[in-house]
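Here are the chains, one letter per residue:
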Amino acid sequence: MKFIVSSSYLLKQLQVLGSVINNSNTLPILDNFLFELDNNSLKVSASDLETTMTASLEIDSTSTGSVALPAKLLLETLKTFPEQPLTFTVEDNNTVEISSNSGKYALAFAPGEEFPKSVALEDPSSTLVPAEVLSTAINKTIFAAGNDDLRPVMSGVFFQFSPQSLIFVATDAHKLVKYARTDVVASEVADFIMPKKPLNILKGILGATDAEVKIEYNDSNATFSLENYVLTCRLIDGKYPNYDAVIPKENPNKLIINRVQFLNSVRRVAIFANKTTHQIRLKIAGTELNISAEDIDYSNKADERLTCEYQGDDIQIGFNSRFLTEMLTNLTSDEIQLEMSMPNRAGILTPIDGLDEGETVTMLVMPVMLNS
């Protein structure tokens, strides 16, 4: 088994696949990349049993075979090479020899048959989504997903497909983000919960392409195929909470304000907030928004005034500044709208401008009790 490949081309593909591999694996074979050679096509795979990713590379070869090579060693070696062709040859003494312009390097390999096989989806449904749409959906939602092991359904992003729209939702019970597209639809109704890890890997490769992503899914697994990558992962098992029931429908108090100005004020005032509650107070009256925070333990206090457009009754409401900062940072519009009903009901953040046709972003943030 022998093949020739460009060093930088191979490194670029392996760095993407490397993000699948865990730092500590129960099975030693999972510390390897699986190389499967079939004449001019080379498939390289990485897996952590939950997520498996394969990249297809075009190379120069006339042989076939499969070997598992140590990932860390291979990546560290490839990073040091300038762009040049490398020749990989499987030797009789159970090593793979890499020949470069300047030398030879031998790595021990494991037989390819020992590497766990990736799951083939039985009877999957499929949907085509433009890479840009999927990339935006992941970026807009993933930060709001929870980290609680006791509530695994909330630690992923909920994909809800229908012939009317595609909806992506993430929540950790304190904040919720719903990203919807009506300009991209599925052929049938389906929903599943994607874990964070494969979504973060996808996020890395989606930004560089404008192709369409084919998403195939059944009850237990999902596969994302784009260009030369295929990513298969196990879905999170369980029923996603009814997020629509949490979004308040009647919100008579509407505040419109410049996003960057509001974000900078919240960041500044938050420095003076209590370090455990991160509580800031918004007090709105007329066209004036008053943002304040106080840390009584250290006698720290901050108070800022901003002008805004406001319709509704005067209101005082408390929020966790970290959640508010995360959401305002994630939005990209010039102006945002904050809708509120009562100090003990969730506030809804939506962008006013900068959205595509058929695109909606709804961010919900739970209030905190104010100590009057």
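Model, not experiment: these values are computed from the prediction.

**Q** Explain the sheet that holds strand β15 (residues 190-195) to me, and be specific about the residues and the numbers.
**A** Strand order across the open sheet formed by nine strands is β15-β12-β13-β14-β27-β26-β25-β19-β23, with antiparallel pairing between neighbours. Pairing within the sheet leaves two strands with one partner each, and these edge strands are β15 and β23 (309-311). Direction aside, the axes of adjacent strands within the sheet are offset by 15° on average. Bridge count for strand β14 (residues 175-181) against strand β27 (residues 359-365) is seven bridges, and the pairing is antiparallel. Each bridged residue has a counterpart across the sheet, and for K178 the counterpart in β27 is T362. Running over the sheet, helix α3 (residues 131-141) touches β12 (156-161), β13 (166-171), β14 and β27 and is turned about 165° from β14. Contacting β12 and β15, helix α4 (residues 196-206) crosses the sheet at an angle of about 85° to β15.

**Q** Any chance you could break down the packing of aromatic side chains for me, citing the residues and the numbers?
**A** Under the definition given, this model contains 15 aromatic pairs. Ring centres of F3 and F35 lie 6.2 Å apart, and the angle between their planes is 20°; this geometry places the pair in the stacked category. With F3 in strand β1 (residues 2-6) and F35 in strand β2 (residues 32-38), the pair connects residues that are 32 residues apart, well separated along the chain. Looking at F3, the relative accessible area reads 4%, which means it is buried. Classification of F35 as buried rests on a relative accessible area of 0%. Between F192 and Y217 the ring centres are 4.9 Å apart and the planes differ by 35°, which places this aromatic pair in the tilted class. Of this pair, F192 sits in strand β15 while Y217 sits in strand β16 (residues 212-217), placing them 25 residues apart in sequence.

**Q** Explain unusual backbone geometry to me, using residue names and the numbers behind them.
**A** Despite not being glycine, N39 shows a phi value in the positive range, around 55°. Locating N39 in the fold gives a position in the loop between β2 and β3 (41-47). In this structure N39 comes out as partly exposed when scored by relative accessible area, which is 36%. The phi dihedral of H278 is positive, around 55°, even though this residue is not glycine. Structurally, H278 can be placed in the loop between α5 (259-270) and β20 (279-285). Taking the relative accessible area as the measure of exposure, H278 reaches 17% and is therefore buried.

**Q** So what's going on with the UniProt feature "domain: DNA polymerase III beta sliding clamp central" (unreviewed entry) in the chain? Which residues, and what values?
**A** Under the UniProt annotation, "domain: DNA polymerase III beta sliding clamp central" (unreviewed entry) lies at residues 129-242. Overall, residues 129-242 shows 19% helix and 39% strand. The separation of its end C-alpha atoms is 24 Å.

**Q** I'd like a rundown of the pairing of β1, residues and numbers included.
**A** Judged by which residues are buried, β1 turns out to be one-sided: F3 and V5 face inward and are buried, whereas K2, I4 and S6, on the alternate face, are not. Where β1 lies against strand β7 (residues 85-90), five bridges are found, and the strand directions are antiparallel. Of the residues in β7, the one forming a bridge with V5 is L86. Bridging between β1 and strand β5 (residues 60-61) involves two bridges; their strand directions are antiparallel. Note that in β5 the partner of F3 across the bridge is S61.

**Q** Break down the sheet that holds strand β21 (residues 288-295) for me, with residues and values.
**A** Backbone-to-backbone hydrogen bonds join strands into a sheet, with any given pair of strands oriented parallel or antiparallel. The five strands are arranged β22-β21-β20-β24-β28 in an open sheet whose pairing can be described as antiparallel. With partners counted over all chains shown, the strands left at the sheet margins are β22 (300-307) and β28 (367-368), one partner each. Sheet topology note: the strand β24 (residues 315-320)/β28 ladder contains two bridges and is antiparallel. Counterpart to F319 in the pairing with β28 is P367. This element, helix α6 (residues 321-330), spans β20 and β24 of the sheet and lies at about 85° to β24.

Cut-off values and rules
Residues numbered from 1 in each chain as written. Predicted model: local features only at pLDDT ≥ 70, side-chain atom pairs only at ≥ 80, totals over all residues. Heavy atoms only, no water. Pairing = 2+ DSSP bridges. Helix = DSSP H or I, 4+ residues; strand = E, 2+ residues; numbered from the N terminus. Axes fitted to C-alpha atoms, helices over the stretch in contact; angles between N-to-C directions. Contact = heavy atoms within 4.5 Å. Phe/Tyr/Trp six-rings, centres within 6.5 Å; stacked < 30°, edge-to-face > 60°. Buried < 20%, exposed > 50% of the residue type's maximum accessible area, 1.4 Å probe, protein only. UniProt positions renumbered as here; feature names shortened; annotations may be inferred.

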